[in-house]
Amino acid sequence: MTSDTLKTQFRQQAQGALGLYIAFIGVSAGLFSTLHRLQAASAHTLAEAGGLDAGYVARWCDAAYAFGYLEAEGDLFRLGPAGDAMRPEAPDSLMPLAVQSVLSAHMAERAAGLMRSGERPGESVLGERDTILPWFGPMLESNFATLFETTICPAVPVFQQADAQGGLALDLGCGNGWYLRALARHYPRLRGLGLDGFAENVAQARARAQAEGLAARLQFEQGDIHDFTLEEPADLIAMNRALHHVWERGRPEIFRWLRDNLKPGGHAVIWEPVWPAERAQLREPSRRGLSFQNLSEHVQGNHLLQPGEIAQAFQEAGMPAEIHLFAGGNEALIVARR
Ligand SMILES: C[S@@+](CC[C@H](N)C(=O)[O-])C[C@H]1O[C@@H](n2cnc3c(N)ncnc32)[C@H](O)[C@@H]1O
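Residues numbered from 1 in each chain as written. Predicted model: local features only at pLDDT ≥ 70, side-chain atom pairs only at ≥ 80, totals over all residues.

Observations regarding the overall build of the protein chain
- Check the secondary structure of the protein chain and you find 13 helices and 9 strands.
- A compact globule built from 338 residues should have a C-alpha radius of gyration of about 20 Å, and the protein chain, at 22 Å, falls within 12% of that.
- Dimensions along the principal axes, computed over C-alpha positions, put the protein chain at roughly 70 × 50 × 35 Å.
- Within the protein chain, the fraction of its 338 residues that count as buried is 38%.
- Long-range pairs, those at least 24 residues apart, make up 66% of the contacts in the protein chain with a sequence separation of at least 6. (Helix = DSSP H or I, 4+ residues; strand = E, 2+ residues; numbered from the N terminus. Rg over C-alpha atoms; globule rule 2.2 N^0.38 Å. Buried ≥ 20, exposed ≤ 12 C-beta atoms within 10 Å, placed from the backbone. Contact = placed C-beta atoms within 7 Å.)

What to know about the pairing of strand β1 (residues 70–73)
- As paired elements, β1 and strand β2 (residues 76–79) share 4 bridges and run antiparallel to each other. The residue of β2 that forms the bridge with glutamate 73 is leucine 76.
- Linking β1 to β2, which pair antiparallel, is a turn of 2 residues; within it glycine 74 sits at a positive phi near 60°. (Pairing = 2+ DSSP bridges.)

Considering the site of the ligand
- Within the structure, the ligand sits among 19 residues, and Leu140, Gly173, Gly175, Gly197 and Asn240 are positioned closest to it.
- Of all the secondary-structure elements, those providing two or more residues to the shell around the ligand are β4 (191–196) and α11 (243–260).
- A breakdown of the residues in the shell around the ligand according to their chemical character gives 8 nonpolar, 7 polar and 4 charged. (Near = placed C-beta within 6 Å. Nonpolar A, V, L, I, M, F, W, Y, C, P; charged D, E, K, R; others polar.)

Structural notes on the sheet that holds strand β3 (residues 168–172)
- Spatially, β5-β4-β3-β6-β7-β9-β8 is the arrangement adopted by the 7 strands of the open sheet, whose pairing is mixed. The outermost strands of the open sheet, each flanked by one partner alone, are β5 (218–222) and β8 (321–326). Pairwise comparison of adjacent strand axes, ignoring direction, gives a mean angle of 15° for this sheet.
- Bridge count between β4 and β5: 5 bridges; the pairing is parallel. Note that in β5 the partner of leucine 193 across the bridge is glutamine 219. (Axes fitted to C-alpha atoms, helices over the stretch in contact; angles between N-to-C directions.)

As for the domain arrangement of the protein chain
- By domain assignment, the protein chain separates into domain 1 (3–89) and domain 2 (132–337).
- With centres defined by C-alpha atoms, the gap from domain 1 to domain 2 works out at 35 Å. (Domains from an automatic or database assignment.)

What follows is the structure, encoded as structure tokens:
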């Protein structure tokens, strides 16, 4: 590859990143949604309708026009197809890509600064940016809820079993609570309790359960998985993308806790991205992002896991486990029975 070809390739990639940064501003400040409601508006009207500063909005409109999110006619702007698809409410919204790009920039900057000291500040790094944290839950929901409802739920019978008993499903590290909301919609007798360390996530989880009329069956609490006390044994304990957050600090204790807090015959259902067995597999386009995620997990005191080591940890705690793979082998559900 010549140096000119390399330059062209990297300039295109840099423009791609800029385009996603512009989109993130539009998502976070509600600009795509507000313009959708107004249909067509000047930057000034758009700023007024969104309660935003007119100077910033005028600059954003120019940039969003330059990157093809907005169309313009004189002073009036309207959403183009890409701007419409960035609305968080749009079906199959592109919002997660915009949020992920700015979160990644934040984590890259933190990793760069920590390379020398080796310090690993932990979960708090996710909450360092006021504009990013509120979008963390919706980003994960948008990325994974459809896969869960359409593919995983029908393939894994343990949810139905817990429902038949009118049982309790506990979600440790529940984020914005989308998983329990999905279970409650599909399984009408199931009750849910979600625990998360971030107050923002718990507030969103409660508000969304309330808005969907599920608040009588779903409760959410703020707390730390490492010292949580459950009042009644659960029929099902789920951890979605949360086990790797507690693995390094308390692996044997967590697995004993899962066993001791399940009813006999109850199930632990662990969902984790699959860290590949061979480094060469990271070159595959669908796995490349995982290598970046593992670096940003390191900042948070975590690392990504292989399904086999999770199943092994269950065996050691006296719980037989099965591994189910989804999404071309990139997502694993490890189901263990007490
Ligand atoms: C990658 S997110 C996954 C969120 C959610 N389960 C989902 O699938 O969308 C991991 C979550 O675990 C939570 N978490 C990590 N460590 C925790 C701890 N020790 N106690 C409580 N929550 C924790 C984080 O706040 C975060 O919401």
